[in-house]
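Okay, here's what each chain looks like letter by letter:
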Amino acid sequence: MKFTLAPAPHLKPLNSVGAVMRQVLYALVPATAAYVWYFGWGIVIQMLIATAFALAAEFIMLVLRDRPVRPFITDFSAVVTAVLLAWAMPPTAPWWLVGIGVVFAIVFAKHLYGGLGYNLFNPAMAGYVVLLISFPKEMTTWIAPGMLVDDDNQLTFFQTLQTIFGGGFPQGVNVDAVTSATPLDYLRTQLTANRTILEIRQNGLFGDFGGKGWEWIGNFLVLGGIWLLYRRVIRWQVPAGVFLGLGSMAFLFYALDPGSHASPGFHLFSGAAILCAFFIATDPVSAATTPKGRLIYAFGIGVLIYIIRTWGSYPDGVAFAVLLMNMAAPLIDHYTKPRTYGHAKP
Amino acid sequence: MADMRSRDGVELHHFHGGLELPDHKAMSTGGGIRIAPVPRELIVPLSQHIGEPATALVEIGDLVKRGQMIAEPASAVSASLHAPSSGRVSAIEDRLVPHPSGLSARCIVIETDGRDEAVVPQPLPDWQDAPPAMVRDHVRAAGIVGLGGAAFPTWIKLDIEGRPPIERLILNGAECEPYISCDDLLMQDRAMEIVSGAQIMLHALHTAHCQIAIEDNKPRAEAALRAALAEANDERLELVCVPSVYPEGGEKQLIQVLTGREVPHDGLPLDVGVVCHNVATAAAVHRAIVRGEPLVSRIVTVTGAGVSAPGNVEARLGTPFEALIAFCGGYTETASRLIMGGPMMGFAVKSDAVPVIKATNCILAGSDAEVAPAREPMPCIRCGECAEVCPASLLPQTLYWFTRARDFERTRDYDLFDCIECGCCDLVCPSQIPLASHFRFAKTEIWGKEIERAKADIARQRHEFRQARLEREAREQEEKRRKKQEALERMKSGGTQKDEIKAALERARRKKEEKE
């Protein structure tokens, strides 16, 4: 009898990279549905464009780098990068914007560092930052949630397509009615004009916690995050760290001066904070790897998000916060080695 | 402080990580312990234990009886071997043995005569009154080694000379690896032997507390042991049910769960007051002391989708694997890999002609559906799942990183040698990297370097010694030459040979006087 020879363990592996990445995508489905409900189909179109560009860029890079194409193209990691970047884009942004961003992310931030598993920076965030700095106008033209726009001016699916591919809002769209600052952006500009939080919150943009529409998207993101925790795709340290970092900073300054600092609830439920906590900071390759290290890494991200939002030049600091902590990850790992069984407590 | 309590209210603690695995034990636990027939040829390797191979006592042509010692321990850390059945020693030669390397080793081959005659048993009937040293020597003479798979000479772990007092004896009946059920069946059918063995061990260890640990997925074994304990009515013994998590039965993990203490990385369980033996070892000790039977057989689980009628068999040591598989109905069409041991820590063998040895707890004939296929691993995505499941709280992803970079010094910094090679990290890795293999490689590379360094040290010492010797010889030559020169000059300047002789005699006489 001819027997196969292989080293132990002999049981089938329990997991795969593709399975992990697909779980992340499934977890985003409820939140994407909520997003479409409030802001229209723009985000789905952005996701499709981003995915197409991402897979094309990945394919070209794998061929250029002489790497096996099939296992890497089918591992869904490029798709996850594309989808997360699409989430960060204004829904009506022109098609070439997300294209440039995702190509930069895949080519520069991922493959030129060595490909899957070797990237120092979070590729989606690197792509987003390049776009934000290079195309500030396009990256800050957001639209209002559907419930704030009266029925005549609602953006249809076809009009959305035209906006994205046609180089701007088409004829017949009331641009003033449709576009709007994000709640965070509005908060910033109004605070600079010395309005108080109470006054600012009177604006229709704001719901109970965060921005209208954004709160519900946040809820579904949390649901998705809990699903990922349950399936052990992510572990509790990163979401807990981000919320603790952001929440404690916000709480501290809100307690000191509620007039000019938004509540912790607002900060936690607005912008990309929840997306960051469960989907972005959890990118395993660019984060710290030890359990304690992840807590510190995520806490640092939370703190930096607050600092950049409050005193920096950008309305949302998630991308920069993540990139800064990416740089600190190796150092954090070095100092947070767990105590091995049988070794003395230091 | 306990983390939780077992069903009996015993304090239990947690160990870090671990995996809940489907146990696949039901396929082999039916049918009780079947007794395998004695095969035509028994192959007894001289090395089936940790330590030096045994030294053969027999020669080709000798007639042996069952239980007769055919090889003696070569040193303290070694074990004896006994003929598993009666017959004639037909050869002492290299045969294929079960080992990951697939190499052959020296074996005593016995052609059985079918009569299965035994030597007169040599029990130790009044062991309760015998000194512990006598019990220990009896166990040693019976060739008993750890039957949980490690095969460490048992008498050494019953030796208390010069050691700190032992607070408790733990009998390991956890059997946490999937597929294996030999200890389960032993506990179900022969619980009294285990209990008796525990009592003998307690006597040898001069200890008054024994915990028999068993995973909670073995209800019948648990019931059998409870009945045996009730009958023995010995308050020193207690049964503890532990959670069924792999690798609960790892010695270090079990000690942590039962005592809350960690075995120091550079020490032994003795250092935390504990001695741990497998339940089958305890039963073997009972047989040796009470029945006077040395170790000549063991229970082997023959299982896997590649076996037609999986079950547990009592096999004579030296029985070829193929004979046991045939006894269990033969191979099925799907048998693709033959493993000695369990699916997590066992190793694949290329031929079924290899014999059952003392460490053979399981023969697993796996099908392609059961075993992992050959695959190309992806790069490490640093997800950290490996660290989450590691029972030793290591960072496998970092160890992997440094092993790939061949930076073995750094792997030592990250405690590579604390890896127990349980395989949990391998199973959970999404990139399907064969982590355990990398760590085994790193360990052997480091050992190889240490052997090289030791050799180089010896070579350097010898070189330095030789240099010193050459210098000394040169100096002595110089000395001699100088003296001769002086003598010659003295003669030249007027002295005669007679004067020289007189002077030499003077010197000799003075020396003699000094001595006295």
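Residues numbered from 1 in each chain as written. Chains lettered and ligands numbered in written order. Predicted model: local features only at pLDDT ≥ 70, side-chain atom pairs only at ≥ 80, totals over all residues. Heavy atoms only, no water.

Draft legend 1. A look at the packing of aromatic side chains. Residue and element names in this part refer to chain A. This structure, assessed with the given rule, holds 18 aromatic pairs over all chains. Here the aromatic rings of tyrosine 35 and tryptophan 87 are separated by 5.1 Å at their centres, their planes lie at 85°, and the arrangement is edge-to-face. You can see tyrosine 35 sitting in helix H1 (residues 17-39) and its partner tryptophan 87 sitting in helix H4 (residues 77-88), a full 52 residues away along the chain. Comparing tyrosine 35 with tryptophan 87 shows no difference in burial state: the two are buried. Centre to centre, the rings of tryptophan 216 and phenylalanine 220 are 6.3 Å apart; their planes meet at 45°, and the pair counts as tilted. Separated by four residues within a single helix, tryptophan 216 and phenylalanine 220 lie in helix H12 (residues 214-230), roughly one turn from each other. You can call phenylalanine 220 partly exposed: its relative accessible area is 28%. A connected cluster of aromatic rings, assembled from ring pairs, spans Tyr35, Phe39 and Trp87. (Phe/Tyr/Trp six-rings, centres within 6.5 Å; stacked < 30°, edge-to-face > 60°. Helix = DSSP H or I, 4+ residues; strand = E, 2+ residues; numbered from the N terminus. Buried < 20%, exposed > 50% of the residue type's maximum accessible area, 1.4 Å probe, protein only.)

Draft legend 2. Layout of the interface of chain B and chain A. Opposite the 67 residues of chain B that make contact, chain A presents 43 residues. Both faces combined, the contact of chain B with chain A buries some 4700 Å², and carbon together with sulfur accounts for 58% of it. Joining chain B to chain A, the criterion identifies five salt bridges. For the salt bridge of B:Glu385 with A:Arg235, the shortest nitrogen-to-oxygen distance reads 2.7 Å. The tally of links from chain B across to chain A stands at 29 residue pairs in polar contact (both at pLDDT 80 or more). Elements with a minimum of two residues in the side of chain B that touches chain A: helix H5 (251-259), strand S17 (335-340), strand S18 (347-349), helix H8 (385-389), helix H9 (396-404), helix H10 (408-413), helix H11 (424-428) and helix H12 (435-492) of chain B. When residues in the side of chain B that touches chain A are grouped by element, the largest group, five residues, is from S17(B). When the residues that make up the side of chain B that touches chain A are grouped by side-chain class, the tally is 36 nonpolar, 13 polar and 18 charged. (Contact = heavy atoms within 4.5 Å. Buried area = accessible area lost by both parts, 1.4 Å probe. Salt bridge = Lys/Arg side-chain N within 4 Å of Asp/Glu carboxyl O. Polar contact = N/O pair within 3.5 Å; in protein donor to acceptor, adjacent residues only side chain to side chain. Nonpolar A, V, L, I, M, F, W, Y, C, P; charged D, E, K, R; others polar.)

Draft legend 3. Up close: the sheet that holds strand S16 (residues 311-316) of chain B. Residues and elements named next belong to chain B. Taken in spatial order, the six strands make up an open sheet running S3-S16-S15-S19-S17-S18, and their pairing is mixed. Only two strands of the sheet have a single neighbouring strand rather than two, namely strand S3 (33-35) and S18. When the angles between neighbouring strand axes are averaged without regard to direction, this sheet yields 35°. Where S3 meets S16, three bridges bridge the pair, whose relative direction is parallel. Looking at S16, one finds that isoleucine 33 is bridged to asparagine 312. Contacts between helix H2 (residues 182-189) and the sheet are confined to S3, strand S15 (297-303) and S16, with S15 contributing the most and set at about 125° to the helix. (Pairing = 2+ DSSP bridges. Axes fitted to C-alpha atoms, helices over the stretch in contact; angles between N-to-C directions.)

Draft legend 4. Broad picture of the packing of H1(A) against helix H2 (residues 42-64) of chain A. Residue and element names in this part refer to chain A. In the contact formed by H1 and H2, the axes pass within 8 Å of each other and the chain directions differ by 125°. Put simply, H1 runs oblique to H2. The residues of H2 that touch H1, namely those facing Thr32, Tyr35 and Val36, are Ile43, Val44 and Met47. Looking at the contact of H1 with H2 residue by residue, the class counts come to five nonpolar, one polar and no charged. (Parallel < 35°, antiparallel > 145°, perpendicular 65-115°, else oblique.)

Draft legend 5. Region of the structure containing the nonpolar core. Counting residues in each nonpolar core, the largest one holds 100 residues, and the members touching the most others are A:Trp87, A:Ile217, A:Leu221, A:Leu275, A:Phe279 and A:Ile301. The residues touching A:Ile217, leaving out its near neighbours within four places in the chain, are A:Ala31, A:Ala34, A:Tyr35, A:Tyr38, A:Phe39 and A:Trp87. With 93 residues, the next largest nonpolar core counts A:Leu11, B:Leu124, B:Val302 and B:Cys422 among its residues. (Core = buried A, V, L, I, M, F, W, Y, C linked by side-chain atoms within 4.5 Å.)

Draft legend 6. Region of interest: the pattern of salt bridges. Residues and elements named next belong to chain B. Considering all chains together, one arrives at 40 salt bridges over all chains under this definition. In this structure, arginine 460 and glutamate 464 form a salt bridge, with 3.7 Å as the shortest nitrogen-oxygen distance. Here arginine 460 pairs with glutamate 464, and both are found in helix H12, just four residues apart, close to one helical turn. A relative accessible area of 43% places glutamate 464 in the partly exposed class. Residue glutamate 473 pairs with arginine 469 through a salt bridge whose shortest N-O separation is 3.4 Å. Placement of both glutamate 473 and arginine 469 in helix H12 is noted, with a separation of four residues, approximately one turn of the helix. Residue class for glutamate 473 comes out partly exposed when judged on its relative accessible area of 35%.

Take it as geometry only, folks, not as evidence of what the structure does.
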